[in-house]
Amino acid sequence: MATVNAGVVVLDCAEPEKLAEFYKGLLGAEETEATANRVEIEGPRGFRMAFRRDVNATPPSWPRPENSLQVHLDFVVAELDEAERAIVGLGGRPVEAKDPAGPHEERGFSDPAGHSFTVRLAVAPTAPKQG
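Residues numbered from 1 in each chain as written. Predicted model: local features only at pLDDT ≥ 70, side-chain atom pairs only at ≥ 80, totals over all residues. Heavy atoms only, no water.

Novice: Is there a simple way to explain the sheet that holds strand β4 (residues 48–53) in this structure?
Specialist: Strand pairing in a sheet takes place through backbone hydrogen bonds and is either antiparallel or parallel in direction. The strand order β1-β4-β3-β2 describes an open sheet built from four strands, whose pairing is mixed. The open sheet has two edge strands, β1 (9–13) and β2 (30–34), and neither has a second partner. On average, each strand axis in the sheet is inclined to that of its neighbour by 25 degrees, with strand direction left out of account. Running over the sheet, helix α1 (residues 16–27) touches β1, β2, β3 (38–42) and β4 and is turned about 165 degrees from β4. (Pairing = 2+ DSSP bridges. Helix = DSSP H or I, 4+ residues; strand = E, 2+ residues; numbered from the N terminus. Axes fitted to C-alpha atoms, helices over the stretch in contact; angles between N-to-C directions. Contact = heavy atoms within 4.5 Å.)

In structure tokens form, the structure reads like this:
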């Protein structure tokens, strides 16, 4: 018997309502709960996230070491350029980072509150990266 029935990724931020809007747009999610200090959403495949108010929240500085990576999310996408346009349109920002090692083509971003995340292709490309 499992001890835990479900999990929720919770991000601390100064403005949970605004951050929930970003992730609702990114994930095609719906708001499932909202209080004065927390907003929870659920995506179409059951992925759940919540955003907790912390007026002293400091965005991570990844990839810089000063206030390094605190949490990191990976999202699988069908097309990187299309995902990037959507992320930037929702208020996300590309993050400068080295080309990652490994089999997946991916790009790094930060959400409007500064949390880092990666979008990557579902299937590794068959040809090596150029450039």
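There is more to say after this.
Novice: It is not clear to me how the nonpolar core should be interpreted in this structure. Could you clarify?
Specialist: Generally speaking, nonpolar side chains in soluble globular proteins are found buried as a group. Of all hydrophobic cores here, the largest spans 21 residues; its most connected members are Tyr23, Phe51, Phe117 and Val119. Only β1, α1, β3, β4, β5 (73–77), α2 (80–90) and β8 (116–121) provide two or more residues apiece to this core. Setting aside residues no more than four positions away along its own chain, Val119 makes contact with Phe75, Val77, Leu80, Ile87, Glu105, Glu106, Arg107 and Phe109. (Core = buried A, V, L, I, M, F, W, Y, C linked by side-chain atoms within 4.5 Å. Buried < 20%, exposed > 50% of the residue type's maximum accessible area, 1.4 Å probe, protein only.)

Novice: How should α1 be read in this particular structure?
Specialist: Each α-helix turn comprises 3.6 residues. Residues three or four places apart therefore point the same way. For α1, which comprises 12 residues, the first-to-last C-alpha distance of 16 Å matches the rise-based estimate of 16 Å (1.5 Å per residue) to within 8%. When α1 is considered as a whole, its buried residues turn out to be Pro16, Leu19, Ala20, Phe22, Tyr23 and Lys24. (Expected span 1.5 Å × (residues − 1).)

Novice: So what exactly am I meant to see when it comes to the confidence of the model for the protein chain here?
Specialist: Looking at the protein chain, the pLDDT average stands at 81 and 73% of residues meet or exceed 70. The element-level mean pLDDT for the protein chain is lowest in β5, coming to 83, with α1 highest at 96. (pLDDT = per-residue confidence, 0-100.)

Novice: Explain the sheet that holds β8 to me, please; I cannot follow it from the model alone.
Specialist: Strand order across the open sheet formed by four strands is β5-β8-β7-β6, with mixed pairing between neighbours. Whereas interior strands pair on both sides, the edge strands pair on one side only; in this sheet they are β5 and β6 (93–94). With two bridges joining them, β6 and strand β7 (residues 106–110) adopt antiparallel strand pairing. When the sheet's bridge partners are listed, Arg93 is paired in β7 with Ser110. Running over the sheet, α1 touches β5 and β8 and is turned about 30 degrees from β5. Contacting β5, β6, β7 and β8, α2 runs over the sheet at an angle of about 5 degrees to β7.

Novice: Explain the packing of aromatic side chains to me, please; I cannot follow it from the model alone.
Specialist: Any two aromatic rings considered together are summarised by their centre-to-centre distance and by the angle between their planes. Following the criterion strictly, the structure yields eight aromatic pairs and no others. When the ring of Phe47 is compared with that of Phe75, the centres are 6.3 Å apart and the planes differ by 85 degrees; the resulting orientation is edge-to-face. Of this pair, Phe47 sits in the loop between β3 and β4 while Phe75 sits in strand β5, and the two are 28 residues apart along the sequence. Relative accessible area serves as the criterion here: at 36%, Phe47 is assigned to the partly exposed category. (Phe/Tyr/Trp six-rings, centres within 6.5 Å; stacked < 30°, edge-to-face > 60°.)

Novice: How do you make sense of the pairing of β7 when you look at a structure like this?
Specialist: Remark: a regular strand shows side chains that alternate across the two faces of the sheet. Two elements, β7 and β8, share five bridges in a ladder whose sense is antiparallel. Note that in β8 the partner of Glu106 across the bridge is Arg120. The turn linking β7 back onto β8 is made up of five residues, and Gly114 within it adopts a positive phi angle of 100 degrees.

Novice: How should I be thinking about the pairing of β8 in this particular structure?
Specialist: Within β8, six of the six residues are buried, which leaves the element mostly enclosed by the surrounding structure. Of the two faces of β8, the one carrying Ser116, Thr118 and Arg120 and the one carrying Phe117, Val119 and Leu121 are both buried. Looking at chain direction, β5 and β8 are connected through five bridges and run parallel. Following the sheet pairing, Asp74 is matched in β8 by Thr118.

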